[in-house]
Amino acid sequence: MTDLTTRSATTKNETGRATESRRSGTGDPGGKGRTTIADGVVAKIAAASAREVPGIHGLGTGMTRALGAVRDRVPAGRPGQTRGVSVEVGERQTAVDLDVVEYGYPITDVIADMRVAVVTAVERMTGLEVVEVNVAVGDVRLPDEPDEEPQNGPRVT
């Protein structure tokens, strides 16, 4: 979990001199208090943005996906939204690790696109600097393989 505190931002004005654009203290309600971002929040953002990249079939390795699929089918179970994602969150930075399943696209291109998507989403939504996105391609789904992801809809007829 991380705590974010508001600091004054320094920018250069027209003459090139540094000026503070926001000051903490009286009159700045944004600088009063602390914001805490849980690791799970960063993991959900990273997972959601990774899944949106064309060529990513799923997250998690074979065993993780199989156990997650079983858990998803249990009535009291919650869907594994962050399956295959782990994060380390510091005060101002975060690192993301992803296990992915690829399908039908050049792996290096898909992973590069996914890194951009994850970094952009996490930094935009949390304000944390993403220092690294480590990716392990644990499986490649072939066109003739059955889909291991749970299907929405009735399981029995």
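Coordinates for the structure precede this section.
Owing to the predicted nature of the structure, the values given are computational and were not obtained by experimental measurement.

A. Spatial organisation of the overall build of the protein chain. Each helix and strand in the protein chain was counted, giving three helices and eight strands. Each helix and strand of the protein chain, ordered N terminal to C terminal, gives the series β-β-β-β-α-β-α-β-β-α-β. Looking at the 157 residues of the protein chain, the share that counts as buried comes to 27%. Looking at the protein chain alone, contacts between residues at least 24 apart form 67% of all its contacts between residues at least 6 apart. Accessible area of the protein chain: about 10200 Å², with a carbon and sulfur share of 51%.

B. Quick peek at a negative patch on the surface. Negative charge collects at one region of the surface, where Asp 39, Glu 88, Asp 97 and Glu 132 lie side by side. Tracing the sequence through the fold places Glu 88 in strand S6 (residues 85–89). You can call Glu 88 exposed: its relative accessible area is 62%.

C. Up close: the pairing of S6. The two faces of S6 differ: Val 85, Val 87 and Val 89 on one face are buried, but Ser 86 and Glu 88 on the other face are not. For S6 and strand S7 (residues 93–102), the ladder comprises five bridges, and the chain directions are antiparallel. The partner of Glu 88 across the bridge, within S7, is Ala 95. In textbook terms, the turn of a hairpin is the stretch between consecutive antiparallel strands, and for S6 and S7 this stretch comprises three residues.

D. Spatial organisation of the nonpolar core. Val 85, Val 96, Leu 98, Met 114 and Val 118 are the most contacted members of the largest nonpolar core, which totals 25 residues. At the level of elements, helix H1 (39–51), strand S5 (56–59), S6, S7, helix H3 (107–126) and strand S8 (129–140) are the ones that each hand at least two residues to this core. If we ignore the near neighbours within four places in the chain, the residues touching Val 96 are Ala 46, Val 85, Ser 86, Val 87, Val 118, Glu 132, Val 133 and Asn 134.

E. Structural detail: the side chain of Arg 141. With respect to the helices, strands and loops of the structure, Arg 141 is situated in the segment after S8. For Arg 141, the side chain forms a polar contact with the side chain of His 57, separated by 3.4 Å.

Conventions we followed
- Each chain has its residues counted from 1, running along the sequence as written.
- A pLDDT threshold of at least 70 governs which residues receive local features in this predicted model, and a stricter bar of 80 or more applies before side-chain atom pairs are shown or counted, although totals over entire chains, interfaces and linings include all residues.
- Working from all heavy atoms in the structure, the side-chain values ignore hydrogens and water.
- A run of H or I in DSSP counts as a helix once it spans at least four residues, and a run of E counts as a strand once it spans at least two, with each numbered from the N terminus.
- Each residue gets one of three labels from its accessible area relative to the maximum for its type: buried under 20%, exposed over 50%, partly exposed in between, using a 1.4 Å probe on protein chains only.
- Residues are treated as being in contact if the distance between any of their heavy atoms lies within 4.5 Å.
- Accessible surface is estimated by sampling points in the Shrake-Rupley manner with a 1.4 Å probe; for residues, cover comes only from the protein chains shown.
- Patches draw on residues past 30% relative accessible area with no salt bridge. Two like charges within 9 Å are joined, as are two nonpolar side chains (Val, Leu, Ile, Met, Phe, Trp, Tyr) within 5 Å.
- For this document, the term salt bridge refers to a Lys or Arg side-chain nitrogen within 4 Å of an Asp or Glu carboxyl oxygen.
- Counted as positive: Lys and Arg. Counted as negative: Asp and Glu. His and the chain ends are not counted at all.
- Where a charge sits is defined by one atom per residue type, namely NZ (Lys), CZ (Arg), CG (Asp) or CD (Glu).
- By this definition, two strands are paired if DSSP reports at least two bridges between them.
- Working definition of a nonpolar core: buried Ala, Val, Leu, Ile, Met, Phe, Trp, Tyr and Cys residues. They are joined through side-chain atoms within 4.5 Å.
- Whenever two N or O atoms come within 3.5 Å, that pair is a polar contact, provided that in protein one can donate a hydrogen and the other can accept it, and provided that, for residues adjacent in sequence, both atoms are side-chain atoms.

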